[in-house]
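Listed below are the residues making up each chain.
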Amino acid sequence: MTIVAVYNMKGGVGKTTCAVNLAYLFAASGQKTLLWDLDAQAASTFALRVKPEVAQFGKPALRNAQVFIEAIRETDHLNLDLLPADFSYRNLDRFLDQLEDPKHVMRRMLAQLGEAYSLVLLDCPAGFSSLSEAVIACADVLLVPTIPGTLSMRTLLRLTQSLDHNAPALLPFLSMVDRRKALHRSLSQWVERHPELFLREQIPYASSVEQVSVRRAPVPIYDASDPAAKSFAGLWREVGAHLTQLAQTGAAPMATPAVYAEALDALLSTLIADAPVHTIASAQSAARKDQANGPDRDGPQVAFAVDSKDDFQVLERALGEAHPRRAANYLAHTFDTDDATLRRAGYRVQLIEEPERFLISVVKARVTPDEELICLREQRSAKIDGGWAAQILTGQLSPISVIDRRIRHPLAAELRALTADRTLARVESSEHKSLRLGPVEFAEGEESASIYLEFECAEAPGAETAYCVIASGLGAETQSVTRLLGAWRKRAGVRRQFELPGSAQLAAVAHMKSSPTGS
Ligand SMILES: Nc1ncnc2c1ncn2[C@@H]1O[C@H](COP(=O)(O)OP(=O)(O)OP(=O)(O)O)[C@@H](O)[C@H]1O
Ligand SMILES: [Mg+2]
């Protein structure tokens, strides 16, 4: 019996989709296959049309394989059985934490569950937890769907750095590849040049794949001739070949974690160099910037969108002289009710993931009448610890209750009134890569202001990349900042984008102001 864990610390990268399609393909090839849905969200359970239930699941069940064996259900597909998720799996981590020997318990459980199968696939939840540690300790292979983006590559680097020499064979592959995006195309080519690091097959971003959870079946069942079905078949063949090699030689088929770390490190430094960082902001200007964005700052903040990254360079050249620059990357997870109450009312609730910290943030914004600029009306954010962030991301903790506890401001009450205790779910996760400049002295006729600028690319799965310019003025009127920015854009000959990628833009604006206030 071989254990393949489909795992990535990042959420929404295609783990479940991959697990469901590969499990189906292995089963269809005649291998008796068990898919264990380890995620309380029960997405693969849903996709395979099984009721999410493990009767009598609780802490004692972890030492009693019978509870799990009895929960195994046949699926609509020959040779494919499913061990469904149960909503109470949200406690799985805590239960494992309370055991003295979680890895040993998981290993014994998998040995007993897998007795009747030649392959066990694990659909893991996102995050790094006791569960993922136990899974990593037991699996023969870690299959890691990776979206071609800077932060995804960084996450993969972090994973490789956390693995020791006993770690399972690592098989990363590119997932949700969108060839309309320049970064996806260039990372896809980089991956092709590194077959020792990544599987050759890349899963395209395709609406046919999204249909898995609508049609509740693997892609080959409803459209075997679809290009994505062919990609999954290619992935299945490649993973199968690696498993055979692993069984025959016992050797990890791909590079060692150290080789990954070196290659990814080099890749990331070229990607970051790509978003040119010539000068690090001086301590003085950094301090001024913090002041500008801190709780006492009262300058207006506005944003507009442009067509492409090239516009950033044109705009920067039009500033006339070089200014201190600083690169910043982060993830923004947006939460809303299922009928988008907050978005419609102009509010954003976000969890911001920076390399070193997490922030919870709430923003109230307004779009100016000509739809050109987004202006912030109110924004508050507070630093939160990783435990809370993980619980928010896994749906165990409501972001509103965290805002209530950490942000003492009327905005918290406004949110509570708007959502009236309804559940908020994650509606979008976007990756933000930005370059911060300034302060830049703008002067036009009688008008002048000191303005910090941020050029930012925001990428969300399934959405066009948004290119935004975010400006915060120091002690100037919104109208004046707006006019100065308009003149600058005209001088540069850069047109604004007509369709506002509002959500990504707001995410960006929100973050620019997100110096934690804690109050
Ligand atoms: N190749 C693809 N093309 C288009 N959409 C995709 C693709 N792969 C996954 N999706 C969609 O992206 C979303 C996330 O995919 P999936 O649930 O497989 O990710 P995940 O990593 O399991 O997420 P989570 O961390 O929440 O468990 C789903 O809506 C899915 O339909
Ligand atoms: Mg999933």
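Here's what I pulled together on the structure shown here.

Rules used throughout
- Residues numbered from 1 in each chain as written.
- Chains lettered and ligands numbered in written order.
- Predicted model: local features only at pLDDT ≥ 70, side-chain atom pairs only at ≥ 80, totals over all residues.
- Heavy atoms only, no water.
- Helix = DSSP H or I, 4+ residues; strand = E, 2+ residues; numbered from the N terminus.
- Contact = heavy atoms within 4.5 Å.
- Areas by Shrake-Rupley, 256 points an atom, 1.4 Å probe, with all protein chains shown as cover.
- Pairing = 2+ DSSP bridges.
- Buried < 20%, exposed > 50% of the residue type's maximum accessible area, 1.4 Å probe, protein only.
- Near = heavy atom within 4 Å.
- Polar contact = N/O pair within 3.5 Å; in protein donor to acceptor, adjacent residues only side chain to side chain.
- Phe/Tyr/Trp six-rings, centres within 6.5 Å; stacked < 30°, edge-to-face > 60°.
- Salt bridge = Lys/Arg side-chain N within 4 Å of Asp/Glu carboxyl O.
- Core = buried A, V, L, I, M, F, W, Y, C linked by side-chain atoms within 4.5 Å.
- Expected span 1.5 Å × (residues − 1).

1. Regarding the overall build of the protein chain
Part 1 of the reasoning: Counting secondary structure elements, the protein chain contains 21 helices and 15 strands.
Part 2 of the reasoning: In the protein chain, 75% of the contacts between residues at least 6 apart in sequence involve partners at least 24 apart.
Part 3 of the reasoning: For the protein chain, the computed accessible surface area is about 22400 Å², with 48% contributed by carbon and sulfur atoms.

2. Things to note about the sheet that holds strand E7 (residues 169-174)
Part 1 of the reasoning: Spatially, 7 strands are ordered E3-E4-E2-E5-E1-E6-E7 in an open sheet, and the strand pairing comes out mixed. Whereas interior strands pair on both sides, the edge strands pair on one side only; in this sheet they are strand E3 (73-74) and E7.
Part 2 of the reasoning: Bridging between strand E2 (residues 33-37) and strand E5 (residues 119-123) involves 5 bridges; their strand directions are parallel. Paired with Asp 37 across the bridge in E5 is Asp 123.

3. Some thoughts on the environment of Ile 352
Part 1 of the reasoning: When you line up the elements, Ile 352 lands in strand E10 (residues 347-353).
Part 2 of the reasoning: The buried category is assigned to Ile 352, whose relative accessible area is 0%.
Part 3 of the reasoning: Once the C-alpha coordinates of Ile 352 and Thr 334 are considered, the two residues, 18 residues apart in sequence, prove to be 8.8 Å apart.

4. Let's talk about the pairing of strand E14 (residues 447-459)
Part 1 of the reasoning: Of all the 13 residues making up E14, 11 are buried; the element is thus mostly covered by neighbouring parts of the structure.
Part 2 of the reasoning: Sheet analysis places strand E13 (residues 425-444) next to E14, joined by 12 bridges and oriented antiparallel. The residue of E14 that forms the bridge with Ser 434 is Glu 456.
Part 3 of the reasoning: Between E13 and E14, which pair antiparallel in sequence order, lie 2 residues; one of them, Gly 445, sits at a positive phi of approximately 60°.

5. Some words on the site of ligand 1
Part 1 of the reasoning: The full set close to ligand 1 counts 17 residues, and Val 13, Lys 15, Thr 16, Thr 17 and Pro 204 are the nearest of them.
Part 2 of the reasoning: Between ligand 1 and the protein, one listed contact pairs a nitrogen atom with a backbone N or O atom of Pro 204 at 2.8 Å.
Part 3 of the reasoning: Across the complex, the protein chains shield 82% of the 620 Å² of accessible surface that ligand 1 would expose by itself.
Part 4 of the reasoning: Contributions of two or more residues to the shell around ligand 1 are made by helix H1 (15-28) and helix H9 (207-210).
Part 5 of the reasoning: Among the elements that line the shell around ligand 1, the one with the most residues is H1, at 3 residues.

6. Some details on the environment of Glu 74
Part 1 of the reasoning: Along the chain, Glu 74 falls in strand E3.
Part 2 of the reasoning: Under the relative-accessibility criterion, Glu 74 is labelled exposed at 69%.
Part 3 of the reasoning: Along the backbone, Glu 74 and Val 50 are 24 residues apart, and their C-alpha atoms lie at a distance of 8.5 Å.
Part 4 of the reasoning: The residues contacting Glu 74, other than those within four sequence positions of it, are Val 50, Leu 80 and Asp 81.

7. A short note on the packing of aromatic side chains
Part 1 of the reasoning: Across all of its chains, the model carries 10 aromatic pairs by this definition.
Part 2 of the reasoning: With a centroid separation of 5.9 Å and 45° between ring planes, the pair formed by Phe 57 and Phe 95 is classed as tilted. In this pair, Phe 57 is assigned in the loop between helix H2 (43-47) and helix H3 (65-71) and Phe 95 in helix H4 (residues 92-98), connecting sequence segments 38 residues apart.
Part 3 of the reasoning: Classification of Phe 95 as buried rests on a relative accessible area of 12%.

8. Let's talk about the pattern of salt bridges
Part 1 of the reasoning: In the structure shown here, the tally under the stated rule is 14 salt bridges.
Part 2 of the reasoning: Here Asp 339 and Arg 422 are joined by a salt bridge, their closest N and O atoms 3.3 Å apart. Of this pair, Asp 339 sits in the loop between strand E9 (325-336) and helix H16 (341-344) while Arg 422 sits in the loop between helix H19 (410-419) and E13; the two residues are 83 residues apart in sequence, bridging distant segments of the chain.
Part 3 of the reasoning: Taking the shortest distance from any N to any O, the salt bridge between Lys 364 and Glu 414 comes out at 3.1 Å. Here Lys 364 is found in strand E11 (residues 358-367), whereas its partner Glu 414 is found in helix H19, with 50 residues between them in sequence.
Part 4 of the reasoning: With relative accessibility at 15%, the residue Lys 364 sits in the buried group.

9. With respect to the nonpolar core
Part 1 of the reasoning: Core analysis: the biggest nonpolar cluster contains 98 residues, and Trp 36, Phe 68, Leu 122 and Leu 143 have the highest contact counts within it.
Part 2 of the reasoning: Examining the composition of this core, we find that 9 residues originate from one element, H1, more than from any other.
Part 3 of the reasoning: Formed by 26 residues, the second largest nonpolar core is a distinct cluster that contains Val 302, Leu 315, Cys 457 and Tyr 467.

10. Here we look at helix H7 (residues 150-162)
Part 1 of the reasoning: Here H7 is 13 residues long and its end C-alpha atoms lie 19 Å apart, about the 18 Å a rise of 1.5 Å per residue gives.
Part 2 of the reasoning: Buried residues of H7: Thr 150, Leu 151, Ser 152, Met 153, Thr 155, Leu 156, Leu 157, Leu 159 and Thr 160, and no others.

11. Notes on the side chain of Glu 454
Part 1 of the reasoning: By secondary structure assignment, the location of Glu 454 is in strand E14.
Part 2 of the reasoning: Overall, the relative accessible area of 0% leaves Glu 454 in the buried class.
Part 3 of the reasoning: A distance of 2.7 Å separates the side chain of Glu 454 from the side chain of Ser 434, its partner in a polar contact.
Part 4 of the reasoning: A distance of 3.0 Å separates polar atoms of two side chains, one belonging to Glu 454 and the other to Arg 436.

12. Details of unusual backbone geometry
Glycine aside, a negative phi is what most residues show, and trans is what most peptide bonds show.
Part 1 of the reasoning: Positive phi values are uncommon outside glycine, yet Gln 56 reaches one of about 65°.
Part 2 of the reasoning: Mapped onto the secondary structure, Gln 56 falls in the loop between H2 and H3.
Part 3 of the reasoning: Look at Asn 79: it is not a glycine, yet its phi comes out positive at around 70°.
Part 4 of the reasoning: Among the secondary structure elements, Asn 79 is positioned in the loop between E3 and strand E4 (80-83).
Part 5 of the reasoning: Judged by relative accessible area, which is 23%, Asn 79 ranks as partly exposed.

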